[in-house]
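One-letter residues, chain by chain:
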Protein chains: 2
Amino acid sequence: MELSPVLAHIDADFDAAVARLSDLLRIPSVSTDPAFDQDTRRAADWLVDDLRTMGFNAAARPTIGHPMVVATHDGPPGYDGPRILYYGHYDVQPPDPLDLWESGPFEPVIRPSAYGDGKKIVARGAVDDKGQVMTFLEAFRAWHKVHGGPPVAVTVMLEGEEESGSGSLEPFLRENTADLAADVCVVSDTGMWNIDTPAITYMLRGMVYIEAVLHGPNRDLHSGVYGGNVVNPCNALAEILGKLHDRDGRVRIPGFYKDVRELEKKELKRWGELEFDEAAFMGSIGMKKSFGEKGRSPLERMWSRPTLDINGLYGGYQGKGAKTVIGSHAGAKISCRLVPDQNPDKIRKALVRYLEKHTPPGCRWEFQDHGCNPAIRVPTDSAFLRAAIRALKQVFPREPAVIGCGGSIPAVGSIQRILGYDSLLVGFGLEDDCVHSPNEKFELKCFANGIRAHATMLSEFAALRT
Amino acid sequence: MELSPVLAHIDADFDAAVARLSDLLRIPSVSTDPAFDQDTRRAADWLVDDLRTMGFNAAARPTIGHPMVVATHDGPPGYDGPRILYYGHYDVQPPDPLDLWESGPFEPVIRPSAYGDGKKIVARGAVDDKGQVMTFLEAFRAWHKVHGGPPVAVTVMLEGEEESGSGSLEPFLRENTADLAADVCVVSDTGMWNIDTPAITYMLRGMVYIEAVLHGPNRDLHSGVYGGNVVNPCNALAEILGKLHDRDGRVRIPGFYKDVRELEKKELKRWGELEFDEAAFMGSIGMKKSFGEKGRSPLERMWSRPTLDINGLYGGYQGKGAKTVIGSHAGAKISCRLVPDQNPDKIRKALVRYLEKHTPPGCRWEFQDHGCNPAIRVPTDSAFLRAAIRALKQVFPREPAVIGCGGSIPAVGSIQRILGYDSLLVGFGLEDDCVHSPNEKFELKCFANGIRAHATMLSEFAALRT
């Protein structure tokens, strides 16, 4: 089946594709906040309806949390080649801080981009991950319009809890192993090396995320009456958290680095050849130079070294002005990015043990889990990966880079362990897309090339049969 | 002029006095939050109207902040004895956390008390300071009803910013020195030793209160992309604040203890004789024992030792669930309780210098002042103090205790420095009144005895002339 008319249709239909993405972006599917549950549900239904228009058998399957969108297409009549599972997520991060958005986070707008005369679409989820999900959906649509369907068998699985710990994913995979059988998983939730250089990601960091609340006195206290005689949970929490890193920026939790796999020499060399621009990377966030674990390059710290970050801190009086109070409790949201071969459960236990070991007299901890998944590495020599590289070369002016990623995509590890096949991570985001930040955006050039790349990969995957 | 008919009138009129206090408590005069400015103004007007019904010349005088209620009465015809200034404040602390209140903070209710068959009134400001202000206002009212006015010349000054740093107080005192001339200031904003034992407070701690915000990256960041390569303001703030105390619970700011005056032997002995019940004090807040500066008794830590407490802590994502973000900034509300002879400006500078010295690379601090006033000591041998002791002995079953106080009443120091006379601190609160906490209350028995005590003190002050 011819690829060129598919690509021609994609170009002709691009404005409509942007309009469809805008419709999806208008739905505030913030999975972590129960206030948005109905909207999150709405986003799932929107995708099911859209997939059905492309000849997919689609449904929003119930889970213990937000629904899982599952859609299948058996490919051309009589097709008996490989089946590709496409994974993405339709939920988004909370939009706060709202006051820093130049336009409503759920009112997508098209603005001039910083790249030449290009344009970008601005909204929460523009690139993470609704925009990237639409790159392969639009590719399916084009194949459907031109050839009646994709050239290979396709299963689509879109999750609604990627931004809130993926609590339902593994139970769902275990219960639906047969329905989700495939030969490889394709994920578009990662980035390009730069706007002209596509990338295939082979390393992803894992994560352990807990919320720890330190409870002290049984009520808020007057700091004049009790100050000096009681454990102040704010003081105590700061002291305990403040000791989590040493002077060299290393995490002080016993055993934290024990299982960390060091990079191979040739890997380190290849990363060096990528010529990472530290000044540009840090400059874009208003900092002069990187700051982190001593003796490690920025790329190592981002891709192959574990971290511990406080993502949220609260205690005492949060309002305007002054209140002379000693709060009864103080809390922190703490996440660790993990690398091969750290065991998430071991790290979680070590973190909790560390906090408990430092419990001040008369105080107690309350812990809540917000996620626990291992880092992963995928093989760099599979037929699917080679096919993807061939496809990317046809669409982009520069050779694809094979890179790591500092973020976590829990699904990739779960699919590897439970469904038994690897993932191919091909994404079209850029470092300055403000993922998880105000004014998140997706370059329309990246959106268009992403659709073309997926359409081309489909034809390369189909060619693997012969 | 006879005292007994005044006391009789107070008893007969007590239910009406409780009703009047309830009216005042219904006004949410939270001075620190601009959203309540109109209500704060309303509380001032309410007091002006009430004072006028007692023959006072009263007005809500404008200031750079909330109005100052000033009222004067020249005493009996031809009176030429001492003039007493009564100080109190009509503003209150913010009521949060609201969910811990058993009834609306501004919907006063009468409930059975923990003391015998007594009753208590529950509301924000019940004791701090509206209830205490009403103890002397009701005494003036009774003297007015029975004898046409108080037996001495009286000036009343009620502040609207005591809970928010008293920003307008000193400018107002400087501009109105003549109007506020008096021989002594009587303050009812402190506590009793216990429900049967009145107390006169001769030591008050001072305070320095600043808000410090640490700014890092120019926006919130994805903790996967940037985690490990940037200063995380939440991590950094915890580390900096966590070093403010040493293992012995002493504040590590250079020079913090340099000017602290040690107690005299006989003072320490007298405090020992008070037989402070540490188990009860800590038990009431759910802790087993006190925790603080090593080698100091709980009373020393409360009355004569300085402290540093974080009253509020914030950074990153504060909402429900998880967000894998590195916040662009993190902040803390920090207050130090000061003792004689610490200099508030020196301590403030030392704290700021300490924080600035520990500024992480590429970050900057933003500071905001929320209060700065010295600790004070008042002489324990004045004629007014002896008169007050005589009065308290007539009203209460136990001898008055002469004590310190861990809290701060900025006005007392300002009056001493600017108006040039001392204060007499006689208050009727109890340790378990939940001052600054949910379910703040005032025992009706204390309210009634407070009114009687003020009525009796007025007659003892009048007797000083002869």
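Owing to the predicted nature of the structure, the values given are computational and were not obtained by experimental measurement. (Residues numbered from 1 in each chain as written. Chains lettered and ligands numbered in written order. Predicted model: local features only at pLDDT ≥ 70, side-chain atom pairs only at ≥ 80, totals over all residues. Heavy atoms only, no water.)

## Thoughts on the packing of aromatic side chains
Per the stated rule, a full pass over the model turns up 30 aromatic pairs over all chains. For the pair Tyr226 of chain A and Phe281 of chain B, a centre-to-centre distance of 4.7 Å together with 10° between the ring planes defines the contact as stacked. Pair noted here: Tyr226 of chain A is in helix H6 (residues 223–226) and Phe281 of chain B is in helix H9 (residues 278–283), and the two residues belong to different chains. The same class applies to Tyr226 of chain A as to Phe281 of chain B, namely buried. Between Phe384 of chain B and Phe461 of chain B the ring centres are 5.9 Å apart and the planes differ by 70°, which places this aromatic pair in the edge-to-face class. Within this pair, whereas Phe384 of chain B is found in helix H12 (residues 383–395), its partner Phe461 of chain B is found in helix H14 (residues 444–463), the two being separated by 77 residues in sequence. For Phe461 of chain B, a relative accessible area of 0% corresponds to the buried category. (Phe/Tyr/Trp six-rings, centres within 6.5 Å; stacked < 30°, edge-to-face > 60°. Helix = DSSP H or I, 4+ residues; strand = E, 2+ residues; numbered from the N terminus. Buried < 20%, exposed > 50% of the residue type's maximum accessible area, 1.4 Å probe, protein only.)

## Here we look at the relation of the copies chain A and chain B
By a simple turn and slide, chain A fits onto chain B: the slide is 0.0 Å along the axis, the RMSD is 0.1 Å, and the turn is 180°. Here the symmetry operator amounts to a two-fold rotation axis. Interface residue correspondence from chain A to chain B reaches 100%, placing this contact among same-surface, isologous pairings. (Least-squares fit on C-alpha atoms with pLDDT ≥ 70 in both. Contact = heavy atoms within 4.5 Å.)

## Notes on unusual backbone geometry
With the exception of glycine, the majority of residues adopt a negative phi angle, and the majority of peptide bonds are in the trans configuration. All names here are of chain A. Cis geometry is adopted by the peptide bond preceding Pro97, which originates at Asp96 and carries an omega value of 0°. Summarising the element assignment, Pro97 is placed in the loop between strand S3 (83–89) and strand S4 (109–112). Of the consecutive residues Asp128 and Asp129, the connecting peptide bond is found in the cis state with omega at 0°. Although it is not a glycine, Ser166 adopts a positive phi angle of roughly 50°. Within the fold, Ser166 resides in the loop between strand S6 (153–159) and helix H5 (169–175). In this structure, Asn439 takes a positive phi of about 60° despite not being glycine. Along the polypeptide, Asn439 turns up in the loop between strand S17 (423–427) and strand S18 (441–443).

## Remarks on the environment of Val426 of chain B
Residue and element names in this part refer to chain B. If you trace the backbone, Val426 turns up in strand S17 (residues 423–427). Classification of Val426 as buried rests on a relative accessible area of 0%. The spatial distance from the C-alpha of Val426 to the C-alpha of Pro198 is 8.0 Å, given a sequence separation of 228 residues. With sequence-adjacent residues up to four places away left out, Val426 is seen in contact with Val187, Ser188, Thr190, Ala199, Ile200, Leu392, His454 and Met457.

## Some details on the nonpolar core
Among the nonpolar cores identified, the biggest contains 153 residues, and Leu241, Leu355 and Ile415 of chain A together with Ile415 of chain B are the most heavily contacted of them. Once residues lying within four places of it in the same chain are set aside, the contact partners of Leu241 of chain A are Ile310, Leu313, Ala332, Ile334 and Leu355 of chain A together with Ala238 of chain B. With 73 residues, the next largest nonpolar core counts Ala58, Ala123, Val127 and Phe461 of chain A among its residues. (Core = buried A, V, L, I, M, F, W, Y, C linked by side-chain atoms within 4.5 Å.)

## Focus on the interface of chain A and chain B
With 82 residues of chain A at the contact, the number on the chain B side is 82 residues. A buried area of about 7,200 Å², summed over both sides, lies between chain A and chain B, and 52% of it is on carbon and sulfur atoms. Joining chain A to chain B, the criterion identifies 2 salt bridges. Between Asp96 of chain A and Lys323 of chain B there is a salt bridge; the shortest N-O distance is 3.9 Å. Where chain A touches chain B, the interface holds 50 residue pairs in polar contact (both at pLDDT 80 or more). When residues in the side of chain A that touches chain B are grouped by element, the largest group, 8 residues, is from strand S11 (residues 309–316) of chain A. In the side of chain A that touches chain B, the residues fall into 33 nonpolar, 34 polar and 15 charged. (Buried area = accessible area lost by both parts, 1.4 Å probe. Salt bridge = Lys/Arg side-chain N within 4 Å of Asp/Glu carboxyl O. Polar contact = N/O pair within 3.5 Å; in protein donor to acceptor, adjacent residues only side chain to side chain. Nonpolar A, V, L, I, M, F, W, Y, C, P; charged D, E, K, R; others polar.)

## Here we look at the sheet that holds S11 of chain A
Strand order in the open sheet made by the 8 strands is S14(A)-S9(A)-S13(A)-S11(A)-S11(B)-S13(B)-S9(B)-S14(B), with antiparallel pairing throughout. Of all strands in the sheet, those bounded by a partner on one side alone are strand S14 (364–373) of chain A together with strand S14 (364–373) of chain B. Neighbour-to-neighbour, the strand axes of this sheet turn through a mean angle of 15°, independent of strand direction. Here S11 of chain A runs beside strand S11 (residues 307–316) of chain B; their pairing, made up of 5 bridges, is antiparallel. Its bridge partner being in S11 of chain B, Gly316 of chain A is matched across the sheet by Gly312 of chain B. Sheet strands touched by helix H7 (residues 233–242) of chain A: strand S9 (206–215), S11, strand S13 (329–338) and S14 of chain A together with S11 of chain B. Its angle to S13 of chain A, the strand with the most contacts, is close to 20°. Strands in contact with helix H11 (residues 344–357) of chain A are S9, S13 and S14 of chain A; relative to S14 of chain A, the strand with the most contacts, it is inclined by about 165°. (Pairing = 2+ DSSP bridges. Axes fitted to C-alpha atoms, helices over the stretch in contact; angles between N-to-C directions.)

## Things to note about the packing of helix H4 (residues 130–147) of chain B against H14 of chain B
Residue and element names in this part refer to chain B. Across the interface, H4 lies against H14 with an axial gap of 8 Å and an inter-helix angle of 50°. Taken together, the axis directions place H4 and H14 in an arrangement best described as oblique. Between H4 and H14 the crossing geometry is right-handed. Contacts from Gly131, Met134, Thr135, Phe136, Glu138, Ala139, Phe140 and Trp143 in H4 reach Phe447, Gly450, Ile451, His454, Ala455, Leu458 and Ser459 in H14. Looking at the contact of H4 with H14, its residues break down into 9 nonpolar, 5 polar and 1 charged. (Parallel < 35°, antiparallel > 145°, perpendicular 65-115°, else oblique. Left-handed = near helix turned anticlockwise from the far one by under 90°.)

## Some thoughts on the sheet that holds strand S4 (residues 109–112) of chain B
Residues and elements named next belong to chain B. Read from one edge to the other, the open sheet built from 3 strands follows the order S4-S5-S18, with strand pairing classed as antiparallel. Looking along the sheet, the strands with just one partner apiece sit at the ends: S4 and strand S18 (441–443). Ignoring which end each strand starts from, the neighbouring axes of this sheet average 30° apart. Relative to S18, strand S5 (residues 119–122) runs antiparallel, the two being bridged by 3 bridges.

## With respect to the domain arrangement of chain A
All names here are of chain A. Entries for chain A in the domain assignment read domain 1 (4–204 + 376–463) and domain 2 (206–260 + 306–373). Between the C-alpha centres of domain 1 and domain 2 there is a distance of 35 Å. With 8 residues of domain 1 at the contact, the number on the domain 2 side is 7 residues. With both chains or domains summed, domain 1 and domain 2 bury close to 530 Å², and 54% of this area falls on carbon and sulfur atoms. Joining domain 1 to domain 2, the criterion identifies 0 salt bridges. Between the two partners, domain 1 and domain 2, sit 2 residue pairs in polar contact (both at pLDDT 80 or more). (Domains from an automatic or database assignment.)

## So, the pairing of S17 of chain B
All names here are of chain B. In terms of burial, S17 is largely enclosed, as 5 of its 5 residues are buried. Where strand S7 (residues 184–187) and S17 come together, 3 bridges link them in parallel fashion. Looking across to S17, one finds that Val187 is bridged to Leu425. Both strand S8 (residues 199–204) and S17 contribute to a ladder of 3 bridges, which runs antiparallel.

## Looking at the packing of helix H3 (residues 37–52) of chain A against helix H4 (residues 130–147) of chain A
Residues and elements named next belong to chain A. For the pair H3 and H4, interaxial distance at closest approach is 10 Å and the crossing angle is 25°. In terms of orientation, H3 lies roughly parallel with respect to H4. Facing Trp46, Leu47, Asp50 and Leu51 of H3, the residues of H4 in contact are Val133, Met134, Leu137 and Arg141.

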